[in-house]
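# Observations on chain architecture
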Amino acid sequence: MEQADQVIAKTYKRFPVVLSKGSGCTLYDTEGRSYTDFVAGIAVCNLGHAHPAITKAVTAQAQTLWHVSNLYYTMPQVDLAAWLVKNSFADRVFFCNSGAEANEAAIKLARKYFSERGQNHRFRIITMEQSFHGRTMGTLSATGQDKIKKGFDPILDGFDFVPFNDVAALRAKIGPDTCAVMLEPVQGEGGVRCPDSDYLKAVRQICDENGLLLVFDEIQTGMGRTGTLFAYQNFDVEPDIMALAKALANGLPIGAMLAKEQVADAFGPGAHATTFGGTPIVTAAALEVCKTLLEGKVIEQGRKRAEYFREKLLQLKKRHDAIVDVRGLGLLLGIKLNFNAESMVSQCMQHGFFINCIQQNILRFVPPLIIKEEEIDALVGCLDELLREKEK
Ligand SMILES: *Cc1c(COP(=O)(O)O)cnc(C)c1O
């Protein structure tokens with residue numbers, strides 16, 4: 001830890017623990033302690049740690065072919081794209097290496113789509129307050145949180161912000177230069193905020209009426225996290241463009257930007273590229289992840305665990321006035337507390353649980369979808385105990 005603090009960039013405030021091994025929903029540190037993982041690499045390891053089928057797929061691919069340029073065809077990339085197309089609204093996939101890159105590709109495609117139609121002036125994208133879209137210059141400019149942008153002026157022009165769940169504000173913000181609306185179907189980092197019942201349908205309708213593209217950032221909500229393969233399937237609304245990343249390869253770095261044919265068509269040869277995007281090892285891993293999640297019925301199982309977890313949190317809320325809200329969808333769950341809850345993360349760690357705190361007073365729970373009822377019970381018991389002590 002001391003050496004890390006000397007040689008690694010100071011961008012992360014880390015907890016004093018060195019993790020060395022993981023299996024299922026359990027992580028182990030170098031001191032031999034174990035933890036139940038309700039963070040999962042921030043909604044990345046949806047199948048848990050060291051999943052045997054994924055390890056097998058990666059090992060087999062590592063013994064065969066690691067990397068060639070996108071100048072050539074490789075089978076794992078084609079198979080993954082075909083699977084994603086078959087199981088989503090989209091017709092084409094662009095592969096990259098992270099969430100921010102997937103959103104960058106989405107932003108570029110939205111602009112290119114109108115540029116191809118001789119409407120270069122239409123480049124403005126409406127995004128949401130409290131949104132999170134990434135840390136590159138483009139995606140931090142799209143992000144609706146000042147703390148992410150501080151010190152990086154000039155911020156990229158072309159983003160307008162409206163409050164999430166506010167249909168009238170969205171209508172009012174549309175101008176002659178607007179090309180798209182971009183949002184997370186459920187806001188993750190911004191506070192685990194769900195859309196009101198007809199909000200996403202209204203957004204779709206507004207986009208259609210105004211000829212705007214609808215972009216869903218499903219980097220956190222995708223891959224079974226909210227109880228369906230993609231969150232938009234919960235709301236009966238389809239986007240034109242979607243960004244994926246986090247759980248797509250269960251921990252190997254990958255991003256993907258999916259689009260309908262008519263939109264994807266704006267990206268011709270040379271319009272966009274990346275060296276590592278869709279490389280064989282990562283796409284072989286992702287394909288196995290996809291099959292295990294859907295065909296292996298892990299999403300279905302996760303949905304049941306999510307109902308159980310939510311019920312336990314609602315019961316916990318009844319026992320503690322400090323909990324002012326239980327929120328989220330599927331296994332993207334949060335509880336809002338009426339005090340600064342950051343210290344609860346370390347306290348839970350001391351009791352053998354990893355959890356996450358966002359916006360200072362919201363505890364976020366994003367465990368692997370294979371989390372067991374006993375593991376949920378144990379965490380809720382720990383939270384119960386900690387809150388009881390606090391209330392004394
Ligand atoms: C994590 C996240 C990103 C950024 O992904 P990176 O891989 O860290 O670049 C963007 N949007 C959402 C909704 C996210 O949760």
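This report concerns the structure included in the present document. From a predicted model like this one, the values you see are computed outputs, not experimental measurements.

This part takes up the sheet that holds strand S14 (residues 356-358). The strand order S11-S12-S15-S14 describes an open sheet built from 4 strands, whose pairing is antiparallel. One side of each edge strand has no neighbouring strand; the edge strands of this open sheet are strand S11 (323-329) and S14. Across the sheet, the mean angle from the axis of one strand to that of its neighbour is 25°, orientation sign disregarded. Strand direction decides the pairing type here: S14 and strand S15 (residues 362-365), joined by 3 bridges, are antiparallel.

In this section: the state of the cysteines. Taken as a whole and assessed by the stated rule, the structure comprises 0 disulfides. In this structure Cys207 is not part of a disulfide, and its nearest cysteine sulfur, from Cys179, lies 10 Å away. Take Cys207: its relative accessible area is 0%, and that puts it in the buried class. Counting only cysteine sulfurs, Cys348 is the nearest neighbor of Cys357, a cysteine outside any disulfide, at a range of 10 Å.

The buried fraction of strand S4 (residues 92-96) is high, at 4 of 5 residues. Bridge count for S4 against strand S10 (residues 255-259) is 5 bridges, and the pairing is antiparallel. Residue pairing in the sheet places Phe95 in a bridge with Ala256 of S10.

Lining the immediate surroundings of the ligand are Ser98, Gly99, Ala100, Asn103, Phe132, His133, Gly134, Glu184, Asp217, Ile219, Gln220 and Lys246. Take Gly99: an N or O atom from its main chain is 2.8 Å from an oxygen atom of the ligand. Taking Lys246, its side chain carries an N or O atom lying 2.6 Å from an oxygen atom of the ligand. Here the ligand loses 79% of its free accessible area of 380 Å² to cover by the protein chains. Of the residues forming the shell around the ligand, the biggest block, 3 residues, is contributed by helix H5 (residues 99-116). Looking at the shell around the ligand residue by residue, the classes come out as 3 nonpolar, 6 polar and 3 charged.

Here the focus is the sheet that holds strand S7 (residues 178-183). The strand order S4-S10-S9-S8-S7-S5-S6 describes an open sheet built from 7 strands, whose pairing is mixed. Among the strands making up the open sheet, the edge pair consists of S4 and strand S6 (159-162). The average angle at which neighbouring strand axes cross in this sheet is 20°, direction not considered. Contacts between helix H4 (residues 75-86) and the sheet are confined to S4, strand S9 (241-244) and S10, with S4 contributing the most and set at about 130° to the helix. Here H5 sits on the sheet in contact with S4, strand S5 (124-128), S6, S7, strand S8 (213-217), S9 and S10, set at roughly 30° to S10.

Counting across every chain of the model gives 8 aromatic pairs. Taken together, a centroid distance of 6.5 Å and an interplanar angle of 55° make the contact between Phe38 and Phe353 tilted. Remark: Phe353 occurs in strand S13 (residues 353-354) and Phe38 occurs in the loop between strand S3 (34-37) and helix H2 (40-43); sequence separation between them is 315 residues. The pair formed by Phe38 and Phe353 is uniform in burial state, with each residue classed as buried. With 5.8 Å between their ring centres and 5° between their planes, Phe230 and Tyr232 make a pair best called stacked. Residues Phe230 and Tyr232 agree in their burial class; the two are buried. Taken together, Phe38, Phe309, Phe353 and Phe365 form an aromatic cluster joined through their ring pairs. Just above the ring of Tyr28 sits the side chain of Lys21; from NZ or CZ to the centre is 5.3 Å. Sitting over the face of the ring of Tyr113, Arg117 holds its NZ or CZ atom 3.7 Å from the ring centroid.

This brings us to helix H11 (residues 280-294). Along its 15 residues, H11 runs 21 Å from first to last C-alpha, staying within 8% of the 21 Å computed at 1.5 Å per residue. In terms of burial, H11 is a largely internal element, 12 of the 15 residues being buried. Along H11, the positions that sit buried rather than exposed are Pro280, Ile281, Val282, Thr283, Ala284, Ala285, Ala286, Leu287, Val289, Cys290, Thr292 and Leu293. Where H11 is buried, its residues meet helix H3 (52-62), H4 and helix H12 (298-319).

Quick look at the packing of H12 against helix H14 (residues 373-391) now. To describe two helices that pack against each other, one gives the angle between their axes and the distance between the axes. Contact geometry of H12 with H14 gives a least axis separation of 10 Å together with a crossing angle of 15°. When the axis of H12 is compared with that of H14, the two are roughly parallel. For the pair H12 and H14, the sense of crossing is right-handed. Within the contact between the two elements, H12 uses Arg305, Tyr308, Phe309, Lys312, Leu313, Leu316 and Arg319 and H14 uses Glu373, Ile376, Asp377, Leu379, Val380, Leu383, Asp384 and Leu387.

Moving on to the pattern of salt bridges. All chains considered together, the criterion is met by 16 salt bridges. When the shortest N-O distance is used, the salt bridge between Arg388 and Glu385 registers 3.5 Å. Separated by 3 residues within a single helix, Arg388 and Glu385 lie in helix H14, roughly one turn from each other. One connected set of salt bridges, linked through shared partners, spans Arg319, Asp384, Glu385 and Arg388.

Attention now moves to the pairing of S9. With burial as the criterion, each face of S9 is covered, one bearing Ile241 and Ala243 and the other bearing Met242 and Leu244. Here S8 pairs with S9 via 3 bridges, running parallel. The partner of Val215 across the bridge, within S9, is Ile241. Relative to S10, S9 runs antiparallel, the two sharing 4 bridges. Directly across from Leu244, in S10, lies its bridge partner Ala256.

Definitions and limits used
- Residues numbered from 1 in each chain as written.
- Predicted model: local features only at pLDDT ≥ 70, side-chain atom pairs only at ≥ 80, totals over all residues.
- Heavy atoms only, no water.
- Pairing = 2+ DSSP bridges.
- Helix = DSSP H or I, 4+ residues; strand = E, 2+ residues; numbered from the N terminus.
- Axes fitted to C-alpha atoms, helices over the stretch in contact; angles between N-to-C directions.
- Disulfide = S-S within 2.5 Å.
- Buried < 20%, exposed > 50% of the residue type's maximum accessible area, 1.4 Å probe, protein only.
- Near = heavy atom within 4 Å.
- Polar contact = N/O pair within 3.5 Å; in protein donor to acceptor, adjacent residues only side chain to side chain.
- Areas by Shrake-Rupley, 256 points an atom, 1.4 Å probe, with all protein chains shown as cover.
- Nonpolar A, V, L, I, M, F, W, Y, C, P; charged D, E, K, R; others polar.
- Contact = heavy atoms within 4.5 Å.
- Phe/Tyr/Trp six-rings, centres within 6.5 Å; stacked < 30°, edge-to-face > 60°.
- Lys NZ or Arg CZ within 6 Å of the ring centre and 35° of its normal.
- Expected span 1.5 Å × (residues − 1).
- Parallel < 35°, antiparallel > 145°, perpendicular 65-115°, else oblique.
- Left-handed = near helix turned anticlockwise from the far one by under 90°.
- Salt bridge = Lys/Arg side-chain N within 4 Å of Asp/Glu carboxyl O.

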